[in-house]
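A closer look at the structure
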Amino acid sequence: MVSSIWLILFFIVPTILDLFVAPTIAQDDGPCTQAAEYCWKCSDTAGSYTNGIMYQQNLYSLLSSFSSSITTQNSGFYNYSLGDDPNKVNAIALCRGDLRLEDCRSCVSDSTQILLRNCSNHKDAILWARPCMVRYSQNLIFGVKEEDPYHYLPSKDNPSNAEAFGLVLTPLLEILSDKAALGDFREKFAAGHATVLGGETIYALVQCTPDIDKENCSNCLKNSISAMPGDQGILMQGARVLKPSCNIRYEVNMFYESAADSLVNVSAPVTPATLAPVTLSKKTLLEPITLSKKTLTSATRATTATTDPITCSRASTSPKCSSNIKKKPPSACEANPTDRDCYNYRDSNPGTPTPTPTPAPVNPATPTPVNPATPAPAPLPPKKGRYVAHYQKISHLQRTKYAVKDKLRRKKERRK
């Protein structure tokens, strides 16, 4: 008797709810309501059913038990099968990880009724509400990663700095995705926030159905992140990515329970737009540049050119060879092939004698004239006391200074 009442309600209530649901927006992967409270997809891959058959009874009985079967033990996730092939029904219900139990049950109950109304006679269908998702199929859907159908629902507002916004959003979603993928068979969910430098605070939430493994959950979420910002090519202040096996949502306002929130440390790279301008003071600009002796010597050696024709005769392309070396015509070099400036002629005529480099004349040392009127300086007297050891190691100029000091010292002694 009770089951009959439930079946009657599931036939009548969807018809009544049709009067209250907002108009829809058509998309390639199924329609959504005007404000995207609900999006659904009725698939024809599994075929269709007619009213009154066993498949329909199993479907209605299974979906009607969802709201009462969701408890705190299954963390808002429910998957169950009813019936035998070919009338077997597989169904999944998933609530957002931060949702309270009563809110989860209410969302699943409303979603199942809307799904039955919009996808009547379809053996495969899915519906996303903002807090939950409901899906059923004749095919096996448990533990299978499914990324189709897909919905990308951006908001209408642009961030204040789209480049800086994206540099924080992407690593935020990636960190949360890694955290969610580490969840167990009861829950794969993560939420948190990060602040854009000088801009908005981004609140994000990622979730997978707990029946898929870590790798499939991570891949589903990473693919969803890569799909943003969709066909528009511009990141908005908020968006939702909906897939059967995972979903992502981010906003600039907190949309989930504060108990699920956490601060995510995002190390965003510095962009050229955020670099502080470098200011050079007048003092810095006027300061001279000091070059060490070693630097000057290296530069001098690197820039020194060799202008000797003998050295450059067979290496004229060397950067050390000067470009203004004299070159005599062949007629002048035939008479005197050993001339220093006939190296081109010798290169083109093998066997031509090569000149022997003439050493530079060495001038005999010219004695320095000695003026007989000027006597040679007298040898310095031997030093005494603390000057003796140091005197032998000092230069001529320092010796002269010491001699003057000794002369003044002896003069003072005579006065005494």
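Presented here is an overview of the structure given in this document. (Residues numbered from 1 in each chain as written. Predicted model: local features only at pLDDT ≥ 70, side-chain atom pairs only at ≥ 80, totals over all residues. Heavy atoms only, no water.)

Looking only at helices and strands, the chain has 13 helices and 12 strands in total. Looking at the chain residue by residue over its 416 residues, the buried ones come to 36%. When contacts within the chain are restricted to residue pairs at least 6 apart in sequence, long-range pairs at least 24 apart make up 65% of them. On the chain, roughly 25,700 Å² of surface is accessible, and the fraction owed to carbon and sulfur atoms is 55%. (Helix = DSSP H or I, 4+ residues; strand = E, 2+ residues; numbered from the N terminus. Buried < 20%, exposed > 50% of the residue type's maximum accessible area, 1.4 Å probe, protein only. Contact = heavy atoms within 4.5 Å. Areas by Shrake-Rupley, 256 points an atom, 1.4 Å probe, with all protein chains shown as cover.)

Turning to the state of the cysteines, a few remarks are in order. All chains considered together, the criterion is met by 6 disulfides. Cys32 shares a disulfide with Cys39; S-S distance 2.0 Å. In this structure the cystine formed by Cys32 and Cys39 twists about its S-S bond by roughly 115°; its chirality is therefore right-handed. Cys39 sits in the buried class, given a relative accessible area of 0%. (Disulfide = S-S within 2.5 Å.)

Where like charges cluster on the molecular surface, the positive patch consists of Lys407, Arg410, Lys411, Lys412, Arg414 and Arg415. Tracing the sequence through the fold places Lys411 in helix H13 (residues 396–415). (Patch = residues over 30% accessible without salt bridge, like charges linked within 9 Å, V, L, I, M, F, W, Y side chains within 5 Å. Salt bridge = Lys/Arg side-chain N within 4 Å of Asp/Glu carboxyl O. Lys, Arg positive; Asp, Glu negative; His and termini not counted. Charge placed at Lys NZ, Arg CZ, Asp CG, Glu CD.)

Further remarks concern the pattern of salt bridges. Under the definition given, this model contains 10 salt bridges. The salt bridge partner of Arg105 is Glu102, with a shortest N-O separation of 3.6 Å. Taken as a pair, Arg105 and Glu102 lie in helix H4 (residues 101–118) at a separation of 3 residues, close to a single helical turn. Arg105 sits in the partly exposed class, given a relative accessible area of 25%. Among the ionic pairs, Lys222 bridges to Asp178, the shortest N-O distance being 3.2 Å. Residue Lys222 is found in helix H6 (residues 214–227), and its partner Asp178 is found in helix H5 (residues 162–181); the two are separated by 44 residues along the sequence.

A few words on the nonpolar core. Core analysis: the largest hydrophobic core is formed by 31 residues, its most contacted members being Leu172, Leu173, Ile202, Val206, Leu221, Met228 and Tyr250. Counting residues per element, this core draws most heavily on H5, at 9 residues. If we skip the residues at most four places from it in the chain, Val206 touches Leu173, Leu176, Ser177, Ala180, Lys188, Phe189, Ala190, Leu221, Asn247 and Ile248. Core analysis: the next-biggest nonpolar cluster, separate from the first, contains 28 residues, Trp40, Tyr60, Leu63 and Ile114 among them. (Core = buried A, V, L, I, M, F, W, Y, C linked by side-chain atoms within 4.5 Å.)

The next thing to look at is the environment of Gln56. Among the secondary structure elements, Gln56 is positioned in helix H2 (residues 54–64). Judged by its relative accessible area of 4%, Gln56 falls in the buried class. Taking the C-alpha atoms as reference, Gln56 lies 9.4 Å from Ser120; in sequence the two are 64 residues apart.

Now for the packing of aromatic side chains. Applying the stated criterion to the full structure yields 6 aromatic pairs. Ring centres of Tyr49 and Tyr55 lie 5.5 Å apart, and the angle between their planes is 45°; on these two criteria the pair is classed as tilted. For the pair formed by Tyr49 and Tyr55, the shared burial category is buried. Plain terms: the ring middles of Phe66 and Tyr78 are 4.8 Å apart, the flat faces sit at 80° to each other, and that makes the pair edge-to-face. Here Phe66, found in helix H3 (residues 66–69), pairs with Tyr78, found in strand S4 (residues 77–82); they are 12 residues apart in sequence, far enough to count as distant. Comparing Phe66 with Tyr78 shows no difference in burial state: the two are buried. Over the face of the ring belonging to Tyr55 we find Lys123, whose NZ or CZ atom lies 5.3 Å from the ring centre. For the cation-ring pair, Arg249 lies above Phe255, with the distance from its terminal atom to the ring centre recorded as 4.2 Å. (Phe/Tyr/Trp six-rings, centres within 6.5 Å; stacked < 30°, edge-to-face > 60°. Lys NZ or Arg CZ within 6 Å of the ring centre and 35° of its normal.)

Here the focus is the sheet that holds strand S8 (residues 151–154). The strand order S8-S11-S12-S10-S9 describes an open sheet built from 5 strands, whose pairing is antiparallel. A strand with exactly one partner marks an edge of an open sheet, and here the two such strands are S8 and strand S9 (188–195). In this sheet, neighbouring strand axes are inclined to one another by 5° on average, regardless of whether the strands run parallel or antiparallel. In terms of strand pairing, strand S10 (residues 201–208) meets strand S12 (residues 246–251) through 6 bridges, oriented antiparallel. Considered in S12, the bridge of Tyr203 is made with Glu251. Each of S9, S10 and S12 touches H5; the most contacted strand, S9, lies at about 155° to it. (Pairing = 2+ DSSP bridges. Axes fitted to C-alpha atoms, helices over the stretch in contact; angles between N-to-C directions.)

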